[in-house]
Amino acid sequence: LHDSMSIVRDGLDAIEYVHTRHQCVHRDVKPGNLLMNAERTAGFLADFGNAARMGADGKAAAVLSTFEYMAPECAPSFRHGPEADVYGFGMVLFEMVNGRLKWESLDRAKVQNRLLLGRRALADVSYASSQFAPSVPPYLVKVIRKAIEAHPDKRFASAANMLSALNKVVTIDWRHVEGDGLDGRWEGGWPPQVHTDRRDSYRVLSEAVRRGRARGRRRLVAQYRRIGSSTWGRIGVADRLVELADTEAVRSFFSEVAANAAHRRPAR
């Protein structure tokens, strides 16, 4: 999560400079136009082939760029403002924290038609809170959903505003290191403001129960390892049995683990 946010923060810082110092919009913000350093911890905004200077209305003419990351107001209005670039960054971060969307399975003609009608590339339910990975904390979900609001007036007013909101996100640095969907193992470090080698480690295990009375349900286990230790131990979050596909229950479990971590070592 932290690397994803760091890369997007750098991109937002870059586009804010482009917007305010050069009065230009990028018009094609997408994953392929965010480059990374070797460690994949820093981002660089690239490919200004579609960039254009803004007019007196603070916008430039819209272009049919990469449909999946195109803000829904651009095609019907024929205008592209800074808030449309913000939408692109919101979509990039949406994928970074949830996993790549399978754009290749979509009917591109239908996607284009949605955009021409002033709608987002996917059905609204695809952007709902329930579509986020369970390890993504509620505040980060709120930030991303605000960035990809269908109506531009409901988005962040500027890239600087989105950057400021991202800077307030405090979370265990979860990585889904094994498994898919709700299954597998997540690991992360806490607290976020210290160097990675000074963080305590946390782990969430999620698996379908195959035998016994709980067969067909999901078991959630939280573990903790102090700095310098090689042994995982239990924390004050009890193991949980939930329904197999209950995403909200898994999300709640992650929130409980995060609250326990904050109680042990305050973030600030």
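The structure presented is a predicted model; accordingly, all values stated were derived computationally and were not measured. (Residues numbered from 1 in each chain as written. Predicted model: local features only at pLDDT ≥ 70, side-chain atom pairs only at ≥ 80, totals over all residues. Heavy atoms only, no water.)

## Some points on the pairing of strand β8 (residues 184-190)
Taken across its seven residues, β8 has five buried, putting it largely inside the fold. As paired strands, strand β7 (residues 175-178) and β8 are joined by three bridges and run antiparallel to one another. Paired with H176 across the bridge in β8 is W186. Here β7 folds back onto β8, and the loop between the two strands holds five residues, one of which, G179, carries a positive phi near 95°. (Buried < 20%, exposed > 50% of the residue type's maximum accessible area, 1.4 Å probe, protein only. Helix = DSSP H or I, 4+ residues; strand = E, 2+ residues; numbered from the N terminus. Pairing = 2+ DSSP bridges.)

## With respect to the pattern of salt bridges
Here the structure, examined in full by the defined rule, presents 17 salt bridges. One salt bridge in this structure joins D3 and R175, with 2.8 Å as the shortest N-O distance. With a gap of 172 residues between them, D3 in helix α1 (residues 2-21) and R175 in strand β7 connect regions that are remote in the sequence. Of the residues examined, D3 reaches a relative accessible area of 24% and is grouped as partly exposed. When the shortest N-O distance is used, the salt bridge between R155 and E73 registers 2.6 Å. Of this pair, R155 sits in the loop between α5 (138-147) and α6 (159-166) while E73 sits in the loop between β5 (60-61) and α2 (74-77); the two residues are 82 residues apart in sequence, bridging distant segments of the chain. Each member of the pair, R155 as well as E73, is classed as buried. Three or more residues are tied together by salt bridges with common partners; here these are E178, R185 and E187. (Salt bridge = Lys/Arg side-chain N within 4 Å of Asp/Glu carboxyl O.)

## A look at the nonpolar core
Counting residues in each nonpolar core, the largest one holds 68 residues, and the members touching the most others are L140, L166, W174, Y202 and V257. At nine residues, helix α3 (residues 82-98) tops the list of elements feeding residues into this core. With sequence-adjacent residues up to four places away left out, L140 is seen in contact with L1, M5, L93, V97, L166 and V169. (Core = buried A, V, L, I, M, F, W, Y, C linked by side-chain atoms within 4.5 Å. Contact = heavy atoms within 4.5 Å.)

## A few points about α5
Taken together, the buried positions of α5 are L140, V141, V143, I144 and A147. Projection of α5 onto a plane perpendicular to its axis shows the buried side chains occupying an angular sector of 160°, all on one side. Away from the buried face of α5 by more than 90 degrees, exposed residues P138 and K142 are located. The secondary structure elements touched by the buried residues of α5 are α1, α3 and α6. (Arc of directions from axis to C-beta.)

## Quick look at the packing of aromatic side chains
Counted under the stated rule, the structure contains six aromatic pairs. On the basis of an interplanar angle of 50° and a centroid distance of 5.2 Å, the ring pair of Y202 and Y224 is categorised as tilted. Separated by 22 residues along the polypeptide, Y202 in strand β9 (residues 200-208) and Y224 in strand β10 (residues 217-225) bring together distant segments of the chain. Ring-pair connections join several aromatic residues into one group, and the members of that group are F94, Y127 and F132. Of note, R120 hangs over the ring of Y127, and the distance from its end group to the ring centre comes to 4.2 Å. If you follow K146 out to its NZ or CZ, it ends over the ring of F156, 5.3 Å from the centre. (Phe/Tyr/Trp six-rings, centres within 6.5 Å; stacked < 30°, edge-to-face > 60°. Lys NZ or Arg CZ within 6 Å of the ring centre and 35° of its normal.)

## Things to note about the packing of α5 against α6
Two numbers describe how α5 lies on α6: the axes approach to 10 Å, and their chain directions differ by 170°. As far as their axial angle goes, α6 and α5 are roughly antiparallel. Here Y139, L140, V143 and A147 of α5 come into contact with α6, specifically with M162, A165 and L166. Among the residues forming the contact of α5 with α6, the class breakdown is seven nonpolar, no polar and no charged. (Axes fitted to C-alpha atoms, helices over the stretch in contact; angles between N-to-C directions. Parallel < 35°, antiparallel > 145°, perpendicular 65-115°, else oblique. Nonpolar A, V, L, I, M, F, W, Y, C, P; charged D, E, K, R; others polar.)

## Points about unusual backbone geometry
Following W190, the chain continues into P191 via a peptide bond in cis, with omega recorded as 5°. With respect to the secondary-structure elements, P191 resides in the loop between β8 and β9. One non-glycine residue, R27, lies in the positive phi region at around 70°. Here R27 shows up in the loop between β1 (24-25) and β2 (34-36). Residue classification places R27 among the buried residues on the basis of a relative accessible area of 10%.

## Brief notes about the side chain of H2
Within the secondary structure layout, H2 lies in helix α1. Taking the relative accessible area as the measure of exposure, H2 reaches 14% and is therefore buried. Not counting chain neighbours up to four residues away, the residues in contact with H2 comprise T171, D173, P192 and R199.

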